Amino acid sequence: MIYDELTSPQIAKLDKKIPLVMVLAATEQHGAHLPLATDRLIGEHFASTLHQQLPDKVLLLPTVSVGCSEHHMGFSGSLTLTHETFISQVEDIIRSVIAHGFTNILLLNSHGGNQGVGQILIEKLGKNHSEANILLTTWWKLNGDALAVLNESGVGGTGHAGEFETSLMLLIAPHLVHVEKLEKGLHNKTFPWAEGDMLYPPKVSYFRTMKEMTSNGVYGNPSYGNKEKGEQITTLVVDNLKQIVTDLHKS
Ligand SMILES: [Zn+2]
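Residues numbered from 1 in each chain as written. Predicted model: local features only at pLDDT ≥ 70, side-chain atom pairs only at ≥ 80, totals over all residues. Heavy atoms only, no water.

1. Thoughts on the coordination of the zinc ion
Thought 1: Here the zinc ion is held by His-30 (NE2), Asp-39 (OD), Glu-165 (OE) and Glu-165 (OE), and the distances to it run 1.9 to 2.7 Å.
Thought 2: Mapped onto the sequence, the donors of the zinc ion take the spacing H-x8-D-x125-E. Remark: Glu-165 occurs in helix 6 (residues 163–172) and His-30 occurs in the loop between strand 1 (20–24) and helix 2 (38–53); sequence separation between them is 135 residues.
Thought 3: Residue class for His-30 comes out buried when judged on its relative accessible area of 0%. (Donors = N, O, S within 2.8 Å, 3.2 Å for Na, K, Ca; no water. Helix = DSSP H or I, 4+ residues; strand = E, 2+ residues; numbered from the N terminus. Buried < 20%, exposed > 50% of the residue type's maximum accessible area, 1.4 Å probe, protein only.)

2. Describing helix 3 (residues 83–99)
Thought 1: In this model, helix 3 (17 residues) spans 24 Å end to end at C-alpha, consistent with the 24 Å of a helix rising 1.5 Å per residue.
Thought 2: Of the surrounding secondary structure, the elements contacted by the buried residues of helix 3 are strand 1, strand 3 (104–109), helix 4 (115–128) and strand 4 (133–138).
Thought 3: Count one or two residues on from helix 3 and you reach Gly-101, which has phi positive near 100°. (Expected span 1.5 Å × (residues − 1). Contact = heavy atoms within 4.5 Å.)

3. Some thoughts on helix 8 (residues 227–250)
In an α-helix, one turn spans 3.6 residues; hence positions three or four apart end up facing the same way.
Thought 1: Its 24 residues give helix 8 an end-to-end C-alpha distance of 35 Å, which sits within 8% of 34 Å, the value for a rise of 1.5 Å per residue.
Thought 2: Buried-residue contacts for helix 8 involve strand 1, helix 2, strand 3, strand 4, helix 5 (144–150) and helix 6.
Thought 3: Sitting at the amino-terminal end of helix 8 is Asn-226, which places a side-chain oxygen 3.2 Å from the backbone nitrogen of Glu-228. (Polar contact = N/O pair within 3.5 Å; in protein donor to acceptor, adjacent residues only side chain to side chain.)

4. Quick word on the pattern of salt bridges
Thought 1: Considering all chains together, one arrives at five salt bridges under this definition.
Thought 2: With a shortest N-O distance of 3.5 Å, Glu-91 and Lys-124 are connected by a salt bridge. Of this pair, Glu-91 sits in helix 3 while Lys-124 sits in helix 4, placing them 33 residues apart in sequence.
Thought 3: Classification of Glu-91 by relative accessible area gives buried; the value is 15%.
Thought 4: On the basis of relative accessibility, which here comes to 36%, the residue Lys-124 falls in the partly exposed class.
Thought 5: When the shortest N-O distance is used, the salt bridge between Glu-152 and Lys-229 registers 2.5 Å. With Glu-152 in the loop between helix 5 and helix 6 and Lys-229 in helix 8, the pair connects residues that are 77 residues apart, well separated along the chain.
Thought 6: Here the salt bridges share partners, and the residues they tie into one network are Glu-152, Glu-163 and Lys-229. (Salt bridge = Lys/Arg side-chain N within 4 Å of Asp/Glu carboxyl O.)

Below, the structure is given as structure tokens:
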């Protein structure tokens, strides 16, 4: 079920243990070949595939489609919230659904820049709402070992606008992928211990803007992306989501 497609009386009658899923995304540059909506489209794709498989056992909340993208602001079009605004916005929405009696909430994040602030958010929400199960996951963490097997372009392949995001976008919205503009990330190396990507995180946290990390806004080599890989990634991620929401519903 889709939260805002229901009427207020329909919401009132629901079993309040039904897991709510809310996508946390971003609106930001993804190189010359992918649109600003990439993270939103990917997060919503996983959520809607989950919903197709368990239509009556999950309730999809509206997406938070602008995230924490300060590091992308050097590229035209990127939008960002401050950490404080992002926390307040998500916190207020969660507070609202808890006020209506819901007790199981899964935040499904699709943007690297939301991970640090997401941890603070989950600690705050967990402390203030012990009556509910409030969870946060980021899709590439759901089945990291199996996802790593699909990676053909090495470290950086699962990075921003790289092999994985391009594969997913070729599956979800091929009309928005500018294949003629595909190019390898133009990485600017700093220290070896500060290099990494989503599946192989660096040993050391070190803030740099995307412009400083890669002059074309791309990480890894997106030319390894294809639709079939997008389907394989989807199965690995959604199988894990199904397990989580099924367990939550029983709790
Ligand atoms: Zn992205």
